[in-house]
Amino acid sequence: MATILDKISAIEAEMARTQRNKATAGHLGLLKARLAKLRRELITPKGGGGGPGEGFDVAKTGDARIGFVGFPSVGKSTLLSTLAGVYSEVAAYEFTTLTTVPGCIKYKGAKIQMLDLPGIIEGAKDGKGRGRQVIAVARTCSLIFIVLDVLKPLKHKKLIEHELEGFGLRLNKDPPNIVFRKKDKGGINLQTMVTQSELDLDTVRTILSEYKIHNADITLRYDATSDDLIDVVEGNRIYVPCIYLLNKIDQISIEELDIIYKIPHCVPISAHHRWNFDDLLEKMWLYLKLVRIYTKPKGQLPDYESPVVLHSDRLSVEDFCNKLHRTIAKEFKYALVWGSSVKHQPQKVGKEHILADEDVVQIVKKV
């Protein structure tokens, strides 16, 4: 383990020493690729399987999963207790929570699982503390709450982002618009749709040769960086939405609060006094991109109490059927839909129809 860490620190030191200009772009690209490969080895060690985990992985339940990430003693456990009514041990000293504590809330008919993860310390991505297991669980979440203490400076935000990015999590980013296709022969073929400020054919060749890729088609559709190219080649990056919760706002002035509200992706709260929770839940719903679909049995009123919750990527009637039960799609004849996704109320639609939020659906089966 130490050897990998030594290699990482040596490469980071060399990158810090190297001046950034066009002449050194290829060399820096090569170093970044090496760094990414070493980081991957840290996450997934080579060789036999590791021992059993210490109760970190929690079974996934509900429609979405939110992880609370933050340094020790910023109020993650208090927040989970007040939101979900689950008792996660709270005390005034650091590192109170030692394993994952799950809780569940119902919001707008959707069941949302919340995980209180143990505190992260600096150097977690290099295997310090419980950081590796914490971030491994964070990779499975559909939204991350980074809990910060208002009184502590914003450098904590930078540190946590750095730890999570070192583990292949990309916060509030879209996947790079780069087409990358390996082939058997023909060398490296680079196409650019717009002028590139950082990447040219030589830099791309240098980065890919580090991965022992010598034949590939690459299309850059925007001004990409070498980090974006490495993310695409690695292929194990996870793009997660993230909300920063600034806790303990009961200890600052109104003027400071006004400034804090201008930070993007950020919600100031007080977990202890339950301040601003409605704003937090509203923003959470927005970032999770969940859609509620109501069912309507034949000849009865729609069931508005328990909606079927779909993610905005998968909104077809077929996805809706599979969410109810996987046999329904086989017996499906057509569906009647009321709501904003159709012109007529009701309208007869097939499996491919895309539903909208709060539509009412009645499924008609084959006889």
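Quick note: structure is the one above.
Residues numbered from 1 in each chain as written. Predicted model: local features only at pLDDT ≥ 70, side-chain atom pairs only at ≥ 80, totals over all residues. Heavy atoms only, no water.

**Q** Could you clarify how one ought to interpret the nonpolar core in this entry?
**A** General note: in soluble globular proteins, nonpolar side chains tend to be found buried as a group. By size, the foremost hydrophobic cluster in this structure holds 31 residues, and its most contacted members are Leu79, Met114, Phe145, Leu245 and Met284. Every element with two or more residues in this core is listed here: strand 1 (64-69), helix 3 (76-84), strand 2 (101-107), strand 3 (110-116), strand 4 (143-149), strand 10 (242-247) and helix 9 (277-288). The greatest single-element share of this core, amounting to 7 residues, is contributed by helix 9. Not counting the four nearest positions on each side in its chain, Met284 is found in contact with Ile66, Ile105, Tyr107, Ile112, Met114, Leu143, Phe145 and Ile243. Membership of the second largest hydrophobic core comes to 26 residues, among which are Leu117, Leu164, Val240 and Cys266. (Core = buried A, V, L, I, M, F, W, Y, C linked by side-chain atoms within 4.5 Å. Buried < 20%, exposed > 50% of the residue type's maximum accessible area, 1.4 Å probe, protein only. Helix = DSSP H or I, 4+ residues; strand = E, 2+ residues; numbered from the N terminus. Contact = heavy atoms within 4.5 Å.)

**Q** It is not clear to me how the environment of Val204 should be interpreted in this structure. Could you clarify?
**A** For Val204, the location among the structural elements is in helix 6 (residues 201-210). A sequence separation of 16 residues divides Val204 from Ile188, and the C-alpha atoms of the two residues are 8.4 Å apart. The contacts of Val204, once residues within four sequence positions are left out, are Ile188, Leu190, Leu199, Ile218 and Leu229.

**Q** Just checking my understanding: could you explain the side chain of Thr24 for this structure?
**A** Mapping Thr24 onto the fold places it in the loop between helix 1 (2-17) and helix 2 (25-43). On the basis of relative accessibility, which here comes to 18%, the residue Thr24 falls in the buried class.

**Q** Help me out: how do you make sense of the pairing of strand 8 (residues 216-220) in this one?
**A** Each regular strand carries side chains that alternate between the two faces of the sheet. Across the 5 residues of strand 8, 5 count as buried, placing the element largely inside the fold. Burial along strand 8 is two-sided: the face carrying Ala216, Ile218 and Leu220 and the face carrying Asp217 and Thr219 are both buried. Examined bridge by bridge, strand 7 (residues 188-192) and strand 8 share 5 bridges and lie parallel to one another. What sits directly across from Thr192, in strand 8, is Leu220. (Pairing = 2+ DSSP bridges.)

**Q** Any chance you could explain the packing of helix 3 against helix 9 here in plain terms?
**A** For any two helices packed against each other, the geometry is given by the interaxial angle and the distance between the axes. Between helix 3 and helix 9, whose axes approach to 12 Å, the crossing angle comes to 85°. Relative to helix 9, the element helix 3 lies roughly perpendicular. Residues Leu79, Thr82 and Leu83 of helix 3 pack against Phe277, Leu280 and Leu281 of helix 9. Across the contact of helix 3 with helix 9, the residue classes tally to 5 nonpolar, 1 polar and no charged. (Axes fitted to C-alpha atoms, helices over the stretch in contact; angles between N-to-C directions. Parallel < 35°, antiparallel > 145°, perpendicular 65-115°, else oblique. Nonpolar A, V, L, I, M, F, W, Y, C, P; charged D, E, K, R; others polar.)

**Q** Hey, could you run me through unusual backbone geometry in this one?
**A** Trans is the common state for peptide bonds, and a negative phi is the common state for residues other than glycine. Cis geometry is adopted by the peptide bond preceding Pro346, which originates at Gln345 and carries an omega value of -10°. Summarising the element assignment, Pro346 is placed in the loop between strand 14 (332-338) and strand 15 (347-349). Backbone geometry places Lys248, a non-glycine residue, at a positive phi of 65°. Looking at where Lys248 falls in the secondary structure, it is placed in the loop between strand 10 and helix 8 (254-260). Look at Asn276: it is not a glycine, yet its phi comes out positive at around 65°. Considering the arrangement of structural elements, one finds Asn276 in the loop between strand 11 (266-268) and helix 9.

Bear in mind that shape data such as this cannot, by itself, settle questions of function.
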